[in-house]
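# Results of the structural survey
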Amino acid sequence: MPHDGSKHPEFLVVGHVTKAHGTKGELFVWPLTDRPDEVFAQGNDVEVEPGDDPAVDSYETLKIEAVRPFKRGLLLKFEGLDDRNAVEPLSQRYLRIPMESVAPLEEGEVFYHQLIGLEVVTAQGEKVGTIREIYDTGPTHLLEVRTLTGHVLVPFTERIVKNIDIEGGVMTNKPPPGLLG
């Protein structure tokens, strides 16, 4: 089935609230974006996913009052939420922004959701499989490629990934010997 690069989500998940921090309404947030300084800037709005209460099924829009780096994440303070009790219910929720507020991609950049479903071929034209998942493993990301015989993990690096054609639904790789089995 060909990949349809024209389908874009309405929203982009940009962070995960881990827990409340301190007593003044700050939250520890794990950024899920390559552009945390742009997304999590003072005055920006983000939407918080609904919690476990079945009566609340819509996202809540919150304005960022303050942000500062903390360990490997960020501490966010939202306007109107001034103590730990006010922000504790937001723990373990995802933050999103509308796609129209996302800065345009630079040349050669892609959103990870655009990679899912791409057909993977070698530079010689041999079909490898289809991208099923992306794993953030530290210094490089790994692409899980479903093959006819199972799956392989392919490093998402410039040395291996030679071309990404979102519209055509194909990623071209030049894997080192032994990577594909």
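To be clear, the structure that these remarks concern was listed above.
Note that the coordinates shown come from a computational prediction; the quantities given were computed from them, not determined experimentally.

### Considering the pairing of strand E6 (residues 94-98)
With five bridges connecting them, strand E1 (residues 11-21) and E6 associate as antiparallel partners. What sits directly across from leucine 12, in E6, is isoleucine 97. By the bridge criterion, two bridges tie strand E3 (residues 45-48) to E6 in an arrangement that is antiparallel. For glutamate 47, the partnering residue across the bridge sits in E6 and is arginine 96.

### A closer look at the packing of aromatic side chains
Evaluation of the coordinates by the stated rule reveals two aromatic pairs. When the centroid spacing of 6.1 Å and the interplanar angle of 75° are considered together, the rings of phenylalanine 28 and phenylalanine 70 count as edge-to-face. Pair noted here: phenylalanine 28 is in strand E2 (residues 26-31) and phenylalanine 70 is in strand E4 (residues 60-70), with a separation of 42 residues, a long-range link. In this structure phenylalanine 28 comes out as buried when scored by relative accessible area, which is 12%. Residue class for phenylalanine 70 comes out partly exposed when judged on its relative accessible area of 24%. A cation over an aromatic ring shows up here: arginine 96 above the ring of phenylalanine 11, its NZ or CZ 3.5 Å from the ring centre.

### Re the pattern of salt bridges
Under the definition given, this model contains seven salt bridges. Taking the shortest distance from any N to any O, the salt bridge between glutamate 26 and arginine 68 comes out at 2.8 Å. Of the two residues, glutamate 26 sits in strand E2 while arginine 68 sits in strand E4, which places them 42 residues apart along the sequence. According to the relative accessible area criterion, arginine 68 is partly exposed, its value standing at 39%. When the shortest N-O distance is used, the salt bridge between lysine 63 and aspartate 45 registers 3.1 Å. Taken together, the residues lysine 63 in strand E4 and aspartate 45 in strand E3 connect sequence positions 18 residues apart. Look at the salt bridges and you will find they share partners, linking Glu65, Lys77 and Asp82 into a network.

What counts as what
- Residues numbered from 1 in each chain as written.
- Predicted model: local features only at pLDDT ≥ 70, side-chain atom pairs only at ≥ 80, totals over all residues.
- Heavy atoms only, no water.
- Pairing = 2+ DSSP bridges.
- Helix = DSSP H or I, 4+ residues; strand = E, 2+ residues; numbered from the N terminus.
- Phe/Tyr/Trp six-rings, centres within 6.5 Å; stacked < 30°, edge-to-face > 60°.
- Buried < 20%, exposed > 50% of the residue type's maximum accessible area, 1.4 Å probe, protein only.
- Lys NZ or Arg CZ within 6 Å of the ring centre and 35° of its normal.
- Salt bridge = Lys/Arg side-chain N within 4 Å of Asp/Glu carboxyl O.

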